[in-house]
Amino acid sequence: MFIDLLIGAVKAVVVLLLVLNLTALLLWFERKGSALIQDRVGANRANLLGLGARLGMPNLGLINTLLADPVKLFTKEDFVPDGADRFLHWLAPFLALFPVLVTFAVVPIGDAVTIAGHRIVLQAASLHDDALYVLATIGIGVYGIALGGWASNNRWSLLGGIRASAQMISYELAMGLGVVAVVMTFGTLSLQEICRSQGGVWFGWLPRWGIFVQPVAFLMLLAAGMAESKRVPFDLPEAESELVSGYFTEYSGSKQAVFMMTDFAEVALIAVLLTTFFLGGWQVPYLYRDGFILPGGVHWALSGPAVAILGVISFFIKTLVLCCLQLLVRWTLPRFRYDQLMRFGWKFLVPVGLLNLVATAFVIVLAGH
Amino acid sequence: MTAWLFGFLATLALVSALGVILQRNPVHSLMALIVTLLVTAVFFIALGAVTIGFLQAIIYAGAIMVLFLFVIWLLNIQAEEREAGHLALKSFGALAAAALVAELLAIAGRAPAPEAAVKPSPAYGTIATLAAALFSHYLIAFEATSLLLLVAIVGAVALARRMPRRRSTAASPAAASVSATGQDVSAPEVSRRAASA
């Protein structure tokens, strides 16, 4: 009993720490990656006792953003504008961050492992209806943004908040349709089961990943997910050329850092969900419980723990690749106009999603007979 | 559901429900309502009705409350002023509330004592059970409801969209003035159409 509680607590803390560190890593990658794309140097000023120079670098690289940015943000004045709703202004950043963080609880980062007689599922919380839970928490994420915009008593903020909530509930629909197509394909709502059924190969070489069965749903979820995370080309809510900073114009210091963290946590969330639904989650191609079986018939035996560790590594590699893809899109595409955004969501993604559902249902019924 | 969990959730639900009616600011009331709905969802999940619980969170807390928020913003409802007077209204409300409480107590007093709690079957409340019931036994009701919702959506879109401007072939001066000012429909016209619909 006690050991089970301990295992649960450790899993929860580990998943939380992984997410938080991933967001910090993404922040660094975004700053340096955008600099690379735009042919700039990027953040290079922070230095600690000339340590970087001694190591032969102009600065401390990754530590630059991991340390300097938080220290800078958390030591700034925490400013609340006049006439703001103080309570909601204070609450909003956390209302935005919390639903994103708790969604990671149901994401399986690996297969079940057995350590000292205890079977540990590498998933902070295994429900049977994980997919519904994901939709519920994503749906609640709207409030932090909307209320942050409203509580600031600033018109730019309010406009940003309204834009954000309209955009998020519009794209939730497309997202839900994509998730439903995946759930129909695998016949289960449990993310761990979805990962498990993506093991094995077709035709002797093609991994049984969801992306090969539901390519339309993959693209839909990618587009809808990027719109949910409110990043370029869907960053209308914080369009800095029109709205200063949108819903977090009036936020400073650590609360603004929390909003920024929400942004990156959402990027990571979209990446882990796409990995789980479409890229096999923790599955490694051709890796089975007892080792690799390559298409040529070559067998390479591996022990159980090694297989589990490879699974976790594969999960994070896929997640990082998808995160990088989203960051690349951000620095490549221009921003949509608001009517284009709405038309794309309602008149393209939703009908395509419905057609995809009908096609999926047809195939399932035909295959069943 | 254990007793302490019930006690905790029930307290939270009651406090947030009181928050809905006692707050002066409509946005704060809305926040309290969202908490109430989420606690209700947790109640459903703790009682085994997992699907209903999640649907409660997705649809009510996640979507309909956003609609409420939009309505509050659209109508620009400000924080309620504390009003004096209306003694007749207040006493009438108090009387009605007292009658409701008396009625509830009378019903609760006559209810038979609960027998031992029934353990639901493992399939109870899962999405598979729910879907099997909806798409077999209640199929006609389910489809009729979805048709009704579709009609409602089409009706709302038809009411909300601008009517195409009529060609002013009619000789009536009203029609001519409408097309001359470039306005599609006058406000009384819209309300009349809404009423007739």
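Small disclaimer: the values here were computed from a predicted structure and weren't measured.

The rules behind each value
Residues numbered from 1 in each chain as written. Chains lettered and ligands numbered in written order. Predicted model: local features only at pLDDT ≥ 70, side-chain atom pairs only at ≥ 80, totals over all residues. Heavy atoms only, no water. Buried < 20%, exposed > 50% of the residue type's maximum accessible area, 1.4 Å probe, protein only. Helix = DSSP H or I, 4+ residues; strand = E, 2+ residues; numbered from the N terminus. Salt bridge = Lys/Arg side-chain N within 4 Å of Asp/Glu carboxyl O. Contact = heavy atoms within 4.5 Å. Buried area = accessible area lost by both parts, 1.4 Å probe. Polar contact = N/O pair within 3.5 Å; in protein donor to acceptor, adjacent residues only side chain to side chain. 1 Å grid on protein atoms, 1.4 Å probe; cavity = no way out; pocket = protein on both sides within 12 Å on 5 of 7 lines; lining within 4 Å. Points joined across faces, edges and corners; volume = space filled by probe spheres on them. Nonpolar A, V, L, I, M, F, W, Y, C, P; charged D, E, K, R; others polar. Domains from an automatic or database assignment. Phe/Tyr/Trp six-rings, centres within 6.5 Å; stacked < 30°, edge-to-face > 60°.

### Structural notes on helix H5 (residues 130–140) of chain A
- Judged by how many residues are buried, H5(A) sits mostly within the fold: eleven of eleven residues are covered.
- All of the buried residues in H5(A) are Asp130(A), Ala131(A), Leu132(A), Tyr133(A), Val134(A), Leu135(A), Ala136(A), Thr137(A), Ile138(A), Gly139(A) and Ile140(A).

### A closer look at the pattern of salt bridges
All names here are of chain A.
- Under the criterion given, the structure shown has seven salt bridges over all chains.
- Glutamate 193 is the salt-bridge partner of arginine 196, the closest N and O atoms lying 3.3 Å from each other. On the criterion of helical spacing, the pair formed by arginine 196 and glutamate 193 is a turn pair, its members being three residues apart in helix H8 (residues 191–196).
- Among the ionic pairs, arginine 343 bridges to aspartate 339, the shortest N-O distance being 3.4 Å. With arginine 343 and aspartate 339 both in helix H14 (residues 338–368) and four residues apart, this pair spans about one turn of that helix.
- The class of arginine 343 is partly exposed, set by a relative accessible area of 47%.
- Among the residues examined, aspartate 339 registers a relative accessible area of 33% and is labelled partly exposed.
- Connected via shared salt-bridge partners are Arg337, Asp339 and Arg343.

### A word on the interface of chain B and chain A
- Taken together, the 19 residues of chain B in the interface contact 22 residues of chain A.
- Counting each side, the surface lost to burial between chain B and chain A is near 1800 Å², with a carbon and sulfur contribution of 82%.
- For the pair chain B and chain A, the number of links is zero salt bridges.
- On inspection of chain B and its partner chain A, the count reaches three residue pairs in polar contact (both at pLDDT 80 or more).
- Secondary structure elements with two or more residues in the side of chain B that touches chain A: helix H2 (26–46) and helix H3 (50–75) of chain B.
- With twelve residues, the top contributor of residues to the side of chain B that touches chain A is H3(B).

### Details of the layout of surface pockets
- Counted as a void, the largest pocket has a volume near 2200 Å³.
- What lines the largest pocket is a set of 45 residues, among which Leu173(A), Val180(A), Leu55(B), Ile58(B) and Ile59(B) lie closest to the centre.
- Secondary structure elements with two or more residues in the lining of the largest pocket: H5, helix H7 (155–186) and H14 of chain A together with H3, helix H5 (127–134) and helix H6 (139–160) of chain B.
- Here the lining of the largest pocket gets ten residues from one element, more than from any other, and that element is H7(A).
- When grouped by side-chain class, the residues that make up the lining of the largest pocket number 34 nonpolar, nine polar and two charged.
- When residues of the lining of the largest pocket are assigned to domains, at least three map to each of domain 1 (1–79) and domain 2 (125–159) of chain B.

### Concerning the side chain of Asn154(A)
All names here are of chain A.
- Mapped onto the elements, asparagine 154 comes out in the loop between helix H6 (142–151) and H7.
- Of the residues examined, asparagine 154 reaches a relative accessible area of 15% and is grouped as buried.
- Here the side chain of asparagine 154 touches tryptophan 156 through a polar contact of 2.7 Å, landing on its backbone nitrogen.
- In this view, asparagine 154 contacts Gly149, Thr249 and Glu250; residues no more than four positions away in its chain are not counted.

### Brief notes about the packing of aromatic side chains
All names here are of chain A.
- This structure, assessed with the given rule, holds 18 aromatic pairs over all chains.
- A ring pair is formed by phenylalanine 218 and phenylalanine 278, whose centres lie 5.3 Å apart and whose planes are at 80°; its orientation type is edge-to-face. Pair noted here: phenylalanine 218 is in helix H10 (residues 215–228) and phenylalanine 278 is in helix H12 (residues 253–278), with a separation of 60 residues, a long-range link.
- Its relative accessible area of 0% is what places phenylalanine 278 among the buried residues.
- Where phenylalanine 277 meets phenylalanine 278, the ring centres are 6.3 Å apart and the plane angle is 80°; that geometry is what we call edge-to-face.
- By the ring-pair criterion, three or more aromatic residues cluster together here, those being Tyr171, Phe234, Phe336, Phe344 and Phe348.

### Description of the domain arrangement of chain B
Residues and elements named next belong to chain B.
- For chain B, the domain assignment lists domain 1 (1–79) and domain 2 (125–159).
- Here the C-alpha centroids of domain 1 and domain 2 sit 24 Å apart.
- Between domain 1 and domain 2, the contact holds five residues from the first and four residues from the second.
- The largest contributions to the domain 1 side of the interface with domain 2 come from Gly48, Thr51 and Ile52, which together make up 82% of the buried area.
- If you look at where domain 1 meets domain 2, you find zero salt bridges.
- One can count one residue pair in polar contact (both at pLDDT 80 or more) joining domain 1 with domain 2.
- Partitioned by chemical class, the residues of the side of domain 1 that touches domain 2 number three nonpolar, two polar and no charged.

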